[in-house]
Amino acid sequence: MAEPVHKRRKVKHVSSDEEEGESGSFASFGDSADEDEEIESGRNNDGLNGELSRQEEGKEELNNAEMDVEVKGDVHSDGTTSDSAEEDGQTLHEDVQIKRPSPKITNTPSVLRNDARGDATSKPDPIRSTYTANTFRSNMFKLQVDELLEQIRPRQSKREIEAEHALQRLKKTIETLPSRGPLPIENAERQLLTSNRVATPFPNPRPPKDAKYKLAYAKPASVNVIGSHALKTASRANKVVEIDMVVIMPSSLFQEKDYLNSRYFYKRAYYIACVAAGLKEAHGTELDIKFNNFHDNPLKPVLTMNALSPPEEKSAHSTSSKWQINIIPSIAEDVFPEDKLGLERNCVRDQGLGAIDGTAEGQAQSPTPFYNSSLRSDMLMTSYLKLLHGVTKSCEAFRDACLLGSTWLRQRGFDSDIHSGGFGNTEWTALMALLLQGGGPGGRSMLNQGYSSYQLLKATLQLLAVRDLSKQPLVVGADMGFANSTSGDTPVVWDSARGHNLLYKMTPWSYRALRQEAKTTLSMLGDQHFDGFEATFIVRTDNLLYKYDYVVKLDHASIAGTKPKREHQALEVHRKLYDTLHRGLKDRVTQIHILPPSSDSWSLGSAGPSNANNTELLVGFAVNPDTVNRTIDHGPTAEEKSKSASFRKFWGGKAELRRFKDGSILETLVWSGKEGGQSVFEQIVRHLTSRHFGDEVEKGTHVVGDAYKKMLPQDSGITTFTPLMEAFKQLETDIRSLNGLPLSIRQISPADAQLRYASPTTAARGRRQMPADVVLQFEGSARWPDDLVTIQRTKTAFLIKLQELLQESIDSAIARIGLENQEHDIVNQAFLDIAYDSGAAFRLRIHHDREQTLLERRLKDKALDPRSRDIAAIGLAKYKRDYVKTPAHTQAIARLCSRHPGMSGTIRLTKKWFASHLLSNHIADEIIELMVARTSIQPWPWQTPSSVQTGFLRTLAWLARWDWRAEPLVVDLSGSSELKQAELQSITTKFEAWRKLDPALNRVVLFAASNVDTDGTTWSDGRPAKVVAGRMSALAKAACTEASEKQFSLDPASLFASPLGDFDFVLHLDPELVGKSSQRKRSSKNGVVFKNLELADEEDSSSVGFDPFGELVSDLERLYGSAILFFSGHPERPIIAGLWSPQTATRAWKLNLSYSTTPLKRTDAEQVDAKINKDGILAEIAHLGRDLIQRIEDNEK
């Protein structure tokens, strides 16, 4: 069963001492939380790794200078070489875990400037120090950022050297290729195919055979290295060193009108095919040369090259496969007029080319911004290289900001490829460079060159989050009559100096996803109680199962239908799908994200990719939990004829006209709450795909998201608990209406998982009802005794009186007194069970606040004997837990479940997971609830989960990352920052004190605190043991691995299954007797069921609170806990497993051992050893369990 990414680099932290004697059976579980390393506090930021060569004047000098730096420079600028790990490219990829002390948080001022602060001077250090003062939230955060930058800055290692050697050879070959043509299109294509077996990758539609223009190849005007490798902004965390080499095609090959109707792209395709033919002949034996669409743009095929094998010798440690060279054809900036390629211009003038959805032919003459920008971007590659080169000179922190930005984008799945959002390192770098030069009021820069790398990152995120570039385009530079003809939901960052939209590859859904990620990151960095470093830069968030509530899989070939006449217009199919889903689902969803299949590279002998393996189109949905299950949708009124016609055309036969009670007549959609097991959401999606894309598409539709919710026995919301909550209100009314009580009632407080919507079972479980705990507090009175024992007897008398009054006045309820804690007379001695005819049952205890004072006074009594002191400590802890902490926790969790509809189901499913893995008797319910609450209150790096699936999987992902040795679990259950910084610091101090007091983690392993419980040990004092916590982490990691590997083919039930072979023995209980059988009915020997006996069992009030499973586990732990560690699946799995304690290993004979032993005489001496009597103990357990235990499975035999 891996978490969504999470290959961890270990960074030192101070760990606890190793637990002594942890061997034997316990070793089979291991300690999943490895000891981490601590970052060196003395490490500082060495700044940029050298500079590019000085900026030359003129295009030719710049090109030569760049080639000298990138192709000829085999030695790193600082004169050092990389170590073996660096040569292998082993860098930080996924997840880093760093020990973080509680930071003293300072507010970070906004760094997005809208006013002029002046340009950076030639001496930026004073300005830089001014802007970077108090930038980071804490010193630890700054150290973490510096450590990250130190790891991801590019270095000259073996793979870079090999790639640059290959660049030199390729450059020389390309510059010596012979000229070809000009030839007619058919002849030019045939010549390449017959002589070199290289196909020409023409974009669709292919050029007409009778075209008047011809194709030719001539020596390139220049060959240069561009992109992140040239600028030293490529992250070393990338698994592959990718180098872009641009080949500038000579202007003589193009005519004035070649920008029209794909003529430029046809000539470009022939040019790259000629380059491929030459390189194949010269380097075909050493390089794997293929075609690929540049950033998934079907108009722009390029060449990609990887080494087939090490150039000298084959070695298992060779890094030759870890680099890739892209050869990109380009043209000079002045080949075509800039005004001909504006966003408002049409450059595809084919007659009869309608839109995808069958609109009129005139639609073909509409603007073609994607086509125009694709061509324009080819003309501007050298221009942007100059821009970025200049910015790296003027802004010291620019390179580091690019590295941070690329890391942030990569962890969120964004890249320059169209299928990955169309916004990657290239766009991020160019955007920051433009903002450093303009974009502000009056043409002033939006960013200051004195900003630190973190300020540049945060300012750019603020721009993306705050400004909607689809409604308010950002124009950098002089307006120059800028005209935006793109659709209203396409983002625009217009570079006036170059006449180009930087975001032309972004779609409406990818841009909204980018904005959402930016908003989430800024909120996360502003959270005073959360250290956002790991969630910002380390954790991968692009796993769709974690990110979206629903994922719909569609067959791409079926939904695309007939292939569009022009290949780049295939994107319109995705836009139609987006518009259809957006209109149909309306306020049911908050985000729709389409992930089209990526284009594969293809061999030189083929004209295009087959895409045989990329036929799956994925659509992710983030839903609104308040409206997603709405069963009735209202449309326009009958009087609105045009709107009604449009509504009926869109929905088809599903739309119907209905009259409502208020007299209105509306177009209406009615969805079934349960139609063939399909949710309302799935019904809508299937209807839309069938209606607008055909039945074939609907048949191939697969919806992922409801499977986790269906694992719950009843509804995932809080409505399951409505009968019990109503019964609780009735109980409160009944008690308050009683006459004859000695004191008036102050408060009746719920204190049970059932009364906070968090119980995996309902209140009534057939004939065995589990009562919900309730705390009753009377008004204060001087008549209360001042002795602990007498107080307990007085409380018992109150309960007896309360029972009598209830029996007299309430006919629908039965009350029975129960006793507890008989071994300690200063602790609560009695409770009152109240069972209603409806099946609801409650267990009432009385709270008297004077007990806490008396217990604390007793603990301070120095004359008290140790045993009495221990009893007093136990009593005080139990008092605080039962009467103070649990009621407050119950109210807080109930409030959160009401606020977050998916939280109740997530808590119950998570408890089911713990019980399925036999951990329910070790991890308290309250701790599990805190884990889930953290996912909703501090959801970073995601938004608050809206479904059971996302809530459950994100909880497991956090649990797999949680280093409980070094980090406390702190949750502000208020959800409104009621937990102040001083309280947070106090909690951290207590945690550190516990770790110093108990470094071996023998007493407190999990430290879980909240705003209602700042002690942190209320539910974890004494359990779980360290080995159990380690197993918990290991199981969570295994579950995350399973989810990441199987993705949409994952069966959720597999996450709840774990083998029993890890345990020494397993007790299989009778499901019927412990309440797990679905047919818990008494039958005669011949199998006949008598209804009267069944009803008698259900009405038997003596079974209220009777839990044989839980009682058996408690007895076993009390009797054999010193020798056996028990694992219980209560109430989910009728199994009790056990591990023999390592302390029961054979030892010298000794009297009064706490477990049964047999004498074992040594062979070499007369001494006798004591060997644990495992068979005898298991026999005793079988005798104790009697009919409850069906069989005992001994895995040691």
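Residues numbered from 1 in each chain as written. Predicted model: local features only at pLDDT ≥ 70, side-chain atom pairs only at ≥ 80, totals over all residues. Heavy atoms only, no water.

K.L.:
How would you explain the overall build of the chain if you had to name every residue and give the values?
P.N.:
Along the chain, the regular secondary structure elements total 33 helices and 33 strands. Counting only carbon and sulfur atoms, one obtains 48% of the accessible surface of the chain, whose full area is about 50,300 Å². (Helix = DSSP H or I, 4+ residues; strand = E, 2+ residues; numbered from the N terminus. Areas by Shrake-Rupley, 256 points an atom, 1.4 Å probe, with all protein chains shown as cover.)

K.L.:
Report on the environment of Thr689, specifying residues and quantitative values.
P.N.:
Turning to its location among the elements, Thr689 is positioned in helix H20 (residues 680-693). Residue classification places Thr689 among the buried positions, given a relative accessible area of 1%. Sequence spacing of Thr689 and Thr580 is 109 residues, and the spatial spacing of their C-alpha atoms is 8.5 Å. Setting aside residues up to four positions removed in sequence, Thr689 forms contacts with Leu554, Gly694, Val697, Glu698 and Thr701. (Buried < 20%, exposed > 50% of the residue type's maximum accessible area, 1.4 Å probe, protein only. Contact = heavy atoms within 4.5 Å.)

K.L.:
Give a detailed account of the pattern of salt bridges, specifying residues and quantitative values.
P.N.:
Per the counting criterion, the structure on display carries 56 salt bridges. Of the charged contacts in the structure, one is a salt bridge between Glu150 and Arg155, with a shortest N-O distance of 3.2 Å. Accessibility expressed as a relative area gives 18% for Glu150, which makes it buried. Residue classification places Arg155 among the partly exposed residues on the basis of a relative accessible area of 22%. For Lys990, the salt bridge identified is with Asp1015, shortest N-O distance 3.5 Å. Placement of Lys990 in helix H29 (residues 981-997) and of Asp1015 in the loop between strand E26 (1008-1010) and helix H30 (1026-1046) is noted, with a sequence separation of 25 residues between them. A single network of salt bridges, built from pairs that share partners, joins Arg756, Lys911, Asp925, Glu926 and Glu929. (Salt bridge = Lys/Arg side-chain N within 4 Å of Asp/Glu carboxyl O.)

K.L.:
Describe the packing of aromatic side chains, with residues and values.
P.N.:
What the rule picks out here adds up to 35 aromatic pairs. Between Phe533 and Phe537, the ring centres sit 5.6 Å apart and the planes meet at 50 degrees, which makes this aromatic pair tilted. Of this pair, Phe533 and Phe537 both sit in helix H15 (residues 533-537), four residues apart, which is roughly one turn of the helix. Take Phe533 and Phe537: they sit in the same class, and that class is buried. Pairing Trp651 with Trp671 gives two aromatic rings, centres 5.8 Å apart and planes at 65 degrees, and the pair type is edge-to-face. One end of the pair, Trp651, is in helix H19 (residues 641-651); the other, Trp671, is in the loop between strand E18 (665-670) and H20, with 20 residues separating them in the sequence. Each of the two residues, Trp651 as well as Trp671, counts as buried. The structure contains a cluster of three or more aromatic residues connected by ring pairs, namely Phe254, Tyr259, Tyr264, Phe265, Phe336 and Tyr371. The ring centre of Tyr384 lies 5.2 Å from the NZ or CZ of Arg498, which sits over that ring. (Phe/Tyr/Trp six-rings, centres within 6.5 Å; stacked < 30°, edge-to-face > 60°. Lys NZ or Arg CZ within 6 Å of the ring centre and 35° of its normal.)

K.L.:
I'd like a rundown of the sheet that holds strand E29 (residues 1135-1140), residues and numbers included.
P.N.:
Spatially, the four strands line up as an open sheet ordered E28-E29-E27-E33, and their pairing is antiparallel. Strand pairing shows two members of the sheet lacking a second neighbour, strand E28 (1124-1128) and strand E33 (1189-1194), which therefore form its edges. Geometrically, the sheet is characterised by an average inter-axis angle of 20 degrees between neighbouring strands, direction not taken into account. In the sheet, strand E27 (residues 1065-1069) pairs with E33 via five bridges, with the strands oriented antiparallel. (Pairing = 2+ DSSP bridges. Axes fitted to C-alpha atoms, helices over the stretch in contact; angles between N-to-C directions.)

K.L.:
Give a description of the nonpolar core that names residues and reports values.
P.N.:
Of all hydrophobic cores here, the largest spans 121 residues; its most connected members are Phe842, Trp913 and Met1032. The residues contacting Phe842, other than those within four sequence positions of it, are Leu724, Ala727, Phe728, Leu731, Leu755, Pro771, Ala772, Val774, Leu832, Asp833, Ile834 and Tyr836. (Core = buried A, V, L, I, M, F, W, Y, C linked by side-chain atoms within 4.5 Å.)

K.L.:
Please set out the environment of Leu469 residue by residue, giving values where relevant.
P.N.:
Structurally, Leu469 is set in the loop between helix H13 (453-466) and strand E10 (474-476). According to the relative accessible area criterion, Leu469 is buried, its value standing at 0%. Spatially, the C-alpha atoms of Leu469 and Asp489 are 8.7 Å apart, while their sequence positions differ by 20 residues. Dropping the residues within four chain positions of it, Leu469 is found in contact with Leu474, Thr490, Pro491, Val492, Val493, Leu503 and Tyr511.

K.L.:
Provide a residue-level description of the sheet that holds strand E6 (residues 241-248), including the pertinent values.
P.N.:
A sheet is described by the order of its strands in space; here five strands give the open sequence E5-E6-E9-E8-E7, paired in mixed fashion. If you trace the sheet from one side to the other, it starts and ends with strand E5 (222-226) and strand E7 (287-293), each paired once. Between one strand and the next, the sheet's axes are offset by a mean angle of 25 degrees, whatever the strand orientation. Of the strand pairs in this sheet, E5 and E6 are connected by five bridges, and their pairing is antiparallel. From the neighbouring strand, Val225 faces E6, where its bridge partner is Met245. The strands touched by helix H10 (residues 381-394) within the sheet are E5, E6 and strand E9 (323-330), with E5 carrying the most contacts at an inclination of about 45 degrees.

K.L.:
Which residues make up the pairing of strand E15 (residues 616-623), and what values do they have?
P.N.:
Extensive coverage of E15 is indicated by the burial of seven of its eight residues. Pairing of strand E13 (residues 550-555) with E15 involves six bridges; the strand directions are antiparallel. Bridging across to E15, Lys553 finds its partner in Leu618. Pairing geometry for strand E14 (residues 589-595) and E15, over six bridges, is antiparallel. Following the sheet pairing, Ile592 is matched in E15 by Phe621.

K.L.:
Could you give an account of the confidence of the model for the chain, with specific residues and numbers?
P.N.:
On average, residues of the chain score 82 in pLDDT, and 81% of them are at 70 or above. Within the model, pLDDT remains below 50 along residues 1077-1088, and this stretch shows 18 contacts once partners closer than five positions in the same chain are excluded. (pLDDT = per-residue confidence, 0-100.)

K.L.:
Give a description of the packing of helix H8 (residues 263-283) against helix H9 (residues 369-379) that names residues and reports values.
P.N.:
Their axes nearest at 11 Å, the elements H8 and H9 cross at an angle of 45 degrees. Judged on the interaxial angle alone, H9 and H8 are oblique. Note that H8 runs across H9; the crossing there is left-handed. Counting all contacts with H8, which are made through Arg263, Tyr264, Phe265 and Arg268, the residues of H9 involved are Tyr371, Ser374, Leu375 and Asp378. Taken together, the residues that form the contact of H8 with H9 break down as four nonpolar, one polar and three charged. (Parallel < 35°, antiparallel > 145°, perpendicular 65-115°, else oblique. Left-handed = near helix turned anticlockwise from the far one by under 90°. Nonpolar A, V, L, I, M, F, W, Y, C, P; charged D, E, K, R; others polar.)

K.L.:
Break down the side chain of Arg376 for me, citing the residues and quoting the values.
P.N.:
Turning to its location among the elements, Arg376 is positioned in helix H9. Among the polar contacts listed, one links the side chain of Arg376 to the backbone oxygen of Arg498, at a separation of 2.7 Å. (Polar contact = N/O pair within 3.5 Å; in protein donor to acceptor, adjacent residues only side chain to side chain.)

K.L.:
How would you explain H13 if you had to name every residue and give the values?
P.N.:
With 14 residues, H13 should reach 20 Å at 1.5 Å per residue; the first-to-last C-alpha distance of 20 Å fits that figure. Across the 14 residues of H13, 13 count as buried, placing the element largely inside the fold. (Expected span 1.5 Å × (residues − 1).)

K.L.:
I'd like a rundown of the packing of helix H26 (residues 903-916) against helix H27 (residues 925-937), residues and numbers included.
P.N.:
For the pair H26 and H27, interaxial distance at closest approach is 10 Å and the crossing angle is 135 degrees. Comparing the axis directions of H26 and H27 gives the class oblique. Of the two possible hands of crossing, H26 and H27 adopt the one that is right-handed. Contacts from Met903, Thr906, Ile907, Thr910, Lys911 and Phe914 of H26 reach H27 at Asp925, Ile928, Glu929, Met931, Val932, Ala933 and Ser936.

K.L.:
Give me the lowdown on a nonpolar patch on the surface, citing residues and values where you can.
P.N.:
A surface patch of nonpolar side chains, amounting to about 250 Å² of accessible area, comprises Ile800, Ile817 and Leu819. Residue placement: Ile817 occurs in strand E22 (residues 813-819). (Patch = residues over 30% accessible without salt bridge, like charges linked within 9 Å, V, L, I, M, F, W, Y side chains within 5 Å.)

K.L.:
Give me helix H33 (residues 1174-1185): which residues, what numbers.
P.N.:
For H33, with twelve residues, the first-to-last C-alpha span of 16 Å sits near the 16 Å given by 1.5 Å per residue. Listed in full, the buried residues belonging to H33 are Gly1176, Ile1177, Leu1178, Ile1181 and Gly1185. Contacts made by the buried residues of H33 are with E27, helix H32 (1108-1120), E28, E29, strand E32 (1168-1172) and E33. Once H33 ends, the next one or two residues include Arg1186, with phi positive near 50 degrees.

K.L.:
Tell me about unusual backbone geometry, and name the residues and values.
P.N.:
Backbone torsion omega between Gly181 and Pro182 reads 5 degrees, so that peptide bond is classified as cis. Looking at the secondary structure, you find Pro182 in strand E3 (residues 180-183). Put simply, Asn204 and Pro205 share a cis peptide bond, and its omega is -5 degrees. Structurally, Pro205 is set in the loop between helix H6 (185-195) and strand E4 (215-217). Backbone geometry at Lys232 places phi at a positive 60 degrees, although glycine is not the residue there. Within the secondary structure, Lys232 is located in the loop between helix H7 (227-231) and E6. Phi is positive for Lys586, which is not a glycine, with a value near 45 degrees. With respect to the helices, strands and loops of the structure, Lys586 is situated in the loop between helix H18 (571-585) and E14.

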